[in-house]
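Now for the letters of each chain:
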Amino acid sequence: MSQHHRPTPEELAAFHAAVAGTIPLRAPERIAFEPPKPSPRPRQRELDEAAAISESLYGPFEIDDLLALADADSYLRTGLPRKVLRDLRRGRWSIQNHIDLHGLNRHEAHEAVSRFLAESQNAGKRCLRIVHGRGHGSPGREGVLRQLVKSWLARRRDVLAFCHAPANDGGEGALWVLLKA
């Protein structure tokens, strides 16, 4: 079917006969005002900012403490004897539970670590291994989870100490963690 149909003279005459004597509608005297549409909300940015705020509220650490902690090899809760960390490094406690965070993004990893620590604590397991990886698969080959996991652990009251695992147990890509009894 063609898109432009030209009416024949008979069709035009029939149309004019059909509308003869009609009065056109008056144009409304009102002005239609439509307010401007609201700008789109950046929902993902809002979610990211909310997550950053909740993460920053987890503990009393300042940004300098977190930056120093990211490069630290170990952590010992304030007020505990250095012997606790030394015994952890020497493997005095056997690993009772472990988790591997390879392939998880920061949000999934945070949830997994929180759940893992709670489950281990409830099961009475004190010495844990968390494999966060070395960051070889990350953009810029920099370990994002490596730094974040340390800061998450240091903020928790149930974590007494942590240190890097020995080379045969993950080395720089894993942490040994000691929880409260």
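Just above, that's the structure.
Residues numbered from 1 in each chain as written. Predicted model: local features only at pLDDT ≥ 70, side-chain atom pairs only at ≥ 80, totals over all residues. Heavy atoms only, no water.

A count of helical and extended segments in the protein chain gives six helices and five strands. Looking at the protein chain residue by residue over its 181 residues, the buried ones come to 31%. Relative to all contacts within the protein chain whose residues are 6 or more apart in sequence, the contacts with residues 24 or more apart total 65%. Accessible surface computed for the protein chain: about 13,300 Å², of which carbon and sulfur atoms make up 55%. (Helix = DSSP H or I, 4+ residues; strand = E, 2+ residues; numbered from the N terminus. Buried < 20%, exposed > 50% of the residue type's maximum accessible area, 1.4 Å probe, protein only. Contact = heavy atoms within 4.5 Å. Areas by Shrake-Rupley, 256 points an atom, 1.4 Å probe, with all protein chains shown as cover.)

Next up on the list: the sheet that holds strand β1 (residues 74-76). The strand order across the open sheet formed by five strands is β1-β4-β5-β3-β2, and the pairing between neighbours is mixed. With one partner strand each, in any of the chains shown, β1 and β2 (97-100) form the two edges of the open sheet. Between one strand axis and the next, the sheet turns by 20° as a mean value, whatever way the strands run. Here strand β4 (residues 159-164) pairs with strand β5 (residues 174-179) via five bridges, running antiparallel. Note on β5: the bridge partner recorded for His164 is Leu175. In the packing of helix α5 (residues 106-122) onto the sheet, the strands contacted are β2, β3 (127-131) and β5, and the crossing angle to β3 comes to about 165°. The strands touched by helix α6 (residues 144-155) within the sheet are β1, β3, β4 and β5, with β4 carrying the most contacts at an inclination of about 160°. (Pairing = 2+ DSSP bridges. Axes fitted to C-alpha atoms, helices over the stretch in contact; angles between N-to-C directions.)

Let us now look at the nonpolar core. In terms of nonpolar packing, the biggest core is built from 21 residues, with Leu101, Ile130, Leu153, Phe162 and Val177 touching the most fellow members. Going through the elements one at a time, α5, β3, α6, β4 and β5 are the ones with two or more residues in this core. Sort the elements by how many residues they give to this core and α6 lands first, with six residues. Residues in contact with Val177, not counting those within four places in the same chain, are Arg126, Cys127, Leu128, Ile130, Leu153, Val159, Ala161 and Phe162. Core analysis: the second largest hydrophobic core is formed by 13 residues, Leu76, Leu160, Cys163 and Trp176 among them. (Core = buried A, V, L, I, M, F, W, Y, C linked by side-chain atoms within 4.5 Å.)

A separate point is the packing of aromatic side chains. Summed over the entire model, instances satisfying the criterion amount to one aromatic pair. An angle of 20° between the planes, with centres 5.2 Å apart, marks the rings of Tyr75 and Phe162 as stacked. Of this pair, Tyr75 sits in strand β1 while Phe162 sits in strand β4; the two residues are 87 residues apart in sequence, bridging distant segments of the chain. Here Tyr75 matches Phe162 in class, with each residue buried. (Phe/Tyr/Trp six-rings, centres within 6.5 Å; stacked < 30°, edge-to-face > 60°.)

This brings us to helix α4 (residues 82-89). Within α4, the full set of buried residues consists of Val84, Leu85, Asp87 and Leu88. All buried residues of α4 lie within an arc of 160° about the axis, which places them on one face of the element. Residues of α4 that are buried sit in contact with β1, β3, β4 and β5. Of the residues one or two after α4, Gly91 is the one with positive phi, at around 80°. (Arc of directions from axis to C-beta.)

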